[in-house]
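# An overview of the molecular structure
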Amino acid sequence: MFDTAFLDLPALHAVRGTVRLPGSKSISNRVLLLAALCQGRTVVHDLLDADDTQVMLQALRQLGCGVAVEGTRAVIDGIGGRADRPRRADLFLGNAGTAMRPLAAALAVLGGDYTLRGVPRMHERPIGDLVDALQVLGCDVHYEGASGYPPLRIGEPKLRLDQPIAVRGDVSSQFLTALLLALPLAAGEQDIAIDVTGELVSKPYIDITLQLLGRFGVRVRCDGWRRFTIARGAAYQSPGEIHVEGDASSASYFIAAGALSADAGGLKIEGVGADSIQGDVRFVEAARLMGAHIDSGPNWLRARRGAWPLKAIDLDCNHIPDAAMTLAVMALYADGPCTLRNIASWRVKETDRIAALATELRKLGAQVDEGADFLRVTPPADTTAWRAASIHTYDDHRMAMCGALAAFNPAGLPVRIENPRCVGKTFPDYFETLFSLAMSAAAVPVICIDGPTASGKGTLAAAVARRLGYHYLDSGALYRLTGLAARARGLEPNATHETMLAKLARQLPTRFGEQGEVWLNGHDVTIAIRTEAAGADASRLSTLPTVRQALLDLQRQAARLPGLVTDGRDMGTVIFPAAQLKVYLTASADQRAERRHKQLLSKGISANIDSLRADLEERDMRDSTRTAAPLQAAPDALPLDNSTLSIDETVEQVLTWWQDRQPF
Ligand code: DC
């Protein structure tokens, strides 16, 4: 997951390959709750591993369930029929509506002493219609704060189930889902009927609920979407094992990417297919209306560009409330204004999504009209009307995920996504996944940092990479690895073996880990490459022109989306001459000697500062006068003397230079 303040996406040209979707949020949280309400054990496969399921799992632990999670597999031991379950808990449910509503209903029916709260935005999302319905049926539910909104306090119920229970269906289908999941707990001697008042929104989500209730042994009769009846004697029964489908709303971003891709190959999407139980899969029909070319089969979809530009649509989106946000961004690429109707529920989601999309799409150059329950997007008139925008994401995962699709703009402009970590709610690896499939419209952004030994260039480059969410290449490590590989073969790293050494360098069996680990031939050599001996071998190897040439491709391959920060000798001159920013970092010999001295002391190695300084000066001389890739600032490098700067100040200076070159 990108944990940066913002993430800059270079303009994207195409996507190609296969994406495996994370589990559906709606199904995951329903299945977890149902498993918790059963007696005995349920094994859940392909569970979504994201913020919204984490809060649900944590709540279930507090309620006394056995919870064991390993990646996407969860083993849940339910509290059904257990008299010894904890009857008190203070539950924090983040911003997960799919946890708040059903848990509120289930706990209100079960009874106990519970508080349910969330993040501030959760306390702005209405829940009054559900609480009204629960109170009418005899539950003890009260507001801890503002009336109509969480946090809630729940006590012991005195259930009255003889009358049909009325619930409003026109604000959020989650209220009805919550009652449907909770009331089988109370089905004893009589049938329980729920009557929906107002037009039921998001019917497909009710379908998911009914299907899953069926998997857990409870059949519900549905009469014309107005009355739902749970038969007397209904009781939850674990299916033993259950698989969660991929998230159909998450699929929408990749279907759109396929439709926007200039590459005819398109994208295969695994985890949802034509037979999905999720209503959002009908996004496929909407995307087809816009001209996308989509094939499907059991558990897969394939999307590629059809009509181009896309065709404008005027569509009632009530049946695909979440995925329709993706249509709003696809509208930027349409041949006329697109109108999305019947989307009032957007106003009470993670943010007011109508207002948010209107604001952000305008920044990109679209003209947008918004109403209480519709959005009309007129795309930028031509390429020159597109703007490079910094997309504010309102802590809403879908704003970040659909906003990224603006990177396919024909103007070749980058897009900045603010607070990219908000995708963690449902799809923590969203951007990594997109980058693994996408081809950039132009060269991937590269920042090169060079400078003499002990100037701090490695520390600087790694820190800048972290702040931007870019990859980091320590090119010196490649020379060090080649040296280790040579030693392992019994080769002296010198000119006598130059051809063999170059061959080794060209096929280095190396791998870099997320935490800076380095492997060679499957062995962890993170520490081994840092020794003085490895440095000396690297220094000798780095004077051999054919070895340098052999490492060229490996270094260029490191320039992957979303960007690269690299440090080392000829990075800005030979490897990436077109890098957008080159920095030549220096510090006085005194300063550098002092820093190296401290560094050695911190490793428990004693050293003499005067001899360190003499070594440094000698190495400067040798490095700058050698014939192969001498130490020289690239002519277009910006000099940065950090003798009197802290690391943070140095990083800020480089980030300021980088920002000055961005169009945002
Ligand atoms: O930065 P370092 O100490 O890990 O580098 C090891 C050796 O490799 C050092 O002598 C400089 C040389 N080197 C090089 O010639 N070109 C690079 N791009 C990186 C390092």
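Overview of the structure. (Residues numbered from 1 in each chain as written. Predicted model: local features only at pLDDT ≥ 70, side-chain atom pairs only at ≥ 80, totals over all residues. Heavy atoms only, no water.)

## Describing the overall build of the chain
The cut-off we apply is this: Going along the chain from the N terminus, every DSSP run of H or I of four or more residues is numbered as a helix, and every run of E of two or more is numbered as a strand. We call a residue buried when its accessible area falls under 20% of the maximum for its residue type, exposed when it is over 50%, and partly exposed in between, using a 1.4 Å probe and counting protein chains only. Pairs of residues are marked as contacts when any of their non-hydrogen atoms sit within 4.5 Å. Using a 1.4 Å probe, the Shrake-Rupley method yields the accessible areas, and only the shown protein chains count as cover for residues. His is not counted here, nor are the chain ends, while Lys and Arg score as positive and Asp and Glu score as negative. Every charge is mapped onto a representative atom, which is NZ of Lys, CZ of Arg, CG of Asp or CD of Glu.
A count of helical and extended segments in the chain gives 22 helices and 33 strands. For the chain, the spread of C-alpha atoms along the principal axes amounts to about 95 × 60 × 45 Å. Looking at the chain residue by residue over its 664 residues, the buried ones come to 57%. Once local pairs closer than 6 in sequence are excluded, the contacts in the chain between residues at least 24 apart make up 76%. Accessible surface for the chain amounts to roughly 26600 Å². Of this, 50% is attributable to carbon and sulfur atoms. Between the averaged position of the 71 positive side-chain charges in the chain and that of its 76 negative side-chain charges there is a distance of 2 Å.

## So, empty space enclosed by the protein
Note the following rule: A pocket, in this scheme, is an open set of points on a 1 Å grid over the protein atoms alone with protein on both sides within 12 Å along at least 5 of 7 lines, while a cavity is a set where a 1.4 Å probe fits but cannot get out; residues line either one if an atom lies within 4 Å of a point. Grid points are joined across faces, edges and corners, and a volume is the space filled by probe spheres set on the points. Residues are sorted three ways: Asp, Glu, Lys and Arg are charged, Ala, Val, Leu, Ile, Met, Phe, Trp, Tyr, Cys and Pro are nonpolar, and all the rest, Gly among them, are polar.
Summed over all chains, the structure comprises 7 cavities of 30 Å³ or more. Approximately 240 Å³ is the volume found for the largest cavity. Elements with a minimum of two residues in the lining of the largest cavity: α1 (25–37), α3 (97–110) and α5 (173–182). Broken down by class, the residue content of the lining of the largest cavity amounts to 5 nonpolar, 9 polar and 9 charged.

## Observations concerning the site of the ligand
To be explicit about the condition: Being near a molecule or strand, for a residue, comes down to having at least one heavy atom within 4 Å of it. We call two N or O atoms a polar contact when they sit within 3.5 Å, provided that within protein one can donate a hydrogen and the other can accept it, with sequence-adjacent residues counted only if both atoms are side-chain atoms.
As a matter of local geometry, the ligand sits amid 14 residues, with Ser-475, Arg-480, Arg-548, Arg-569 and Arg-626 nearest to it. At 2.8 Å from a nitrogen atom of the ligand is found a side-chain nitrogen or oxygen belonging to Ser-475. Taking Ser-542, its side chain carries an N or O atom lying 3.4 Å from an oxygen atom of the ligand. Considering the ligand on its own, with 450 Å² of exposed area, one finds that the protein chains cover 91% of that surface. Of all elements in the fold, only α14 (475–488) and α16 (532–541) reach the threshold of two or more residues within the shell around the ligand. Broken down by element, the shell around the ligand gets its largest block of residues, 4 residues, from α14. Tallied by class, the residues present in the shell around the ligand amount to 3 nonpolar, 5 polar and 6 charged.

## What about the sheet that holds strand β8 (residues 113–117)?
To keep it simple, the criterion reads: The criterion for strand pairing is that DSSP finds at least two bridges linking the strands in question. Fitting a line to C-alpha atoms yields each axis, with helices limited to the stretch in contact; the angle taken between N-to-C directions then spans 0 to 180 degrees.
Taken in spatial order, the 4 strands make up an open sheet running β7-β8-β10-β9, and their pairing is mixed. The sheet terminates laterally at β7 (88–92) and β9 (141–143), the two strands that pair on one side only. With direction set aside, neighbouring strand axes in the sheet form an average angle of 15 degrees. Bridge analysis of β7 against β8 gives 5 bridges, and the strand direction is parallel.

## Looking at unusual backbone geometry
The residue after Pro-150, namely Pro-151, is reached through a cis peptide bond having omega 0 degrees. Inspection of the secondary structure assignment puts Pro-151 in the loop between β9 and β10 (152–154). Residue Pro-562 is bonded to the preceding Leu-561 through a cis peptide linkage, with omega at 0 degrees. As for its placement among the helices and strands, Pro-562 is situated in the loop between α18 (552–557) and β31 (564–567). Not every positive phi belongs to a glycine, and Asp-46 is a case in point at roughly 60 degrees. Positionally, Asp-46 belongs in the loop between β4 (41–45) and α2 (51–62). The class for Asp-46 is partly exposed, based on a relative accessible area of 33%. Residue Ala-629 is not a glycine yet carries a positive backbone phi of 45 degrees. Relative to the assigned elements, Ala-629 resides in the loop between α21 (609–625) and β33 (638–641).

## Regarding α16
Counted only if it meets this: Working definition: the arc comes from the directions between the helix axis and the C-beta atoms, pointing outward to the latter.
Within α16 the residues assigned to the buried category are Ala-534, Gly-535, Asp-537, Ala-538 and Leu-541. Buried positions in α16, seen along its axis, are confined to an arc of 165 degrees and lie on one side of it. Of the exposed residues in α16, the ones pointing more than 90 degrees away from its buried face are Glu-532 and Ala-533. Packing partners of the buried residues in α16 comprise α14, α15 (498–506) and α17 (545–550).

## A few points about the sheet that holds strand β6 (residues 73–77)
Reading across the sheet, the 4 strands line up as β5-β6-β4-β15 and stay open at both edges, with mixed pairing between neighbours. In this open sheet, the two edge strands, each paired with only one partner strand, are β5 (66–70) and β15 (241–243). The average undirected angle you get between the axes of adjacent strands in this sheet is 15 degrees. In the sheet, β5 pairs with β6 via 5 bridges, with the strands oriented antiparallel.

## Some thoughts on the pattern of salt bridges
Which entries qualify depends on this criterion: By definition here, a salt bridge exists when the distance from a side-chain nitrogen of Lys or Arg to a carboxyl oxygen of Asp or Glu is within 4 Å.
Applying the stated rule across the entire model yields 46 salt bridges. Between Asp-90 and Arg-117 there is a salt bridge, with the nearest N and O atoms lying 3.0 Å from each other. Remark: Arg-117 occurs in strand β8 and Asp-90 occurs in strand β7; sequence separation between them is 27 residues. Judged by relative accessible area, which is 43%, Asp-90 ranks as partly exposed. Arg-592 is paired through a salt bridge with Asp-620; the nearest N and O atoms lie 2.7 Å apart. With Arg-592 in helix α20 (residues 589–602) and Asp-620 in helix α21, this pair connects stretches of sequence that are 28 residues apart. Judged by relative accessible area, which is 17%, Asp-620 ranks as buried. Here the salt bridges share partners, and the residues they tie into one network are Lys-25, Asp-52, Asp-322, Lys-349, Glu-350, Arg-353, Asp-396, Arg-398 and Lys-425.

Such coordinate-based values are descriptive only and should not be taken to indicate function.
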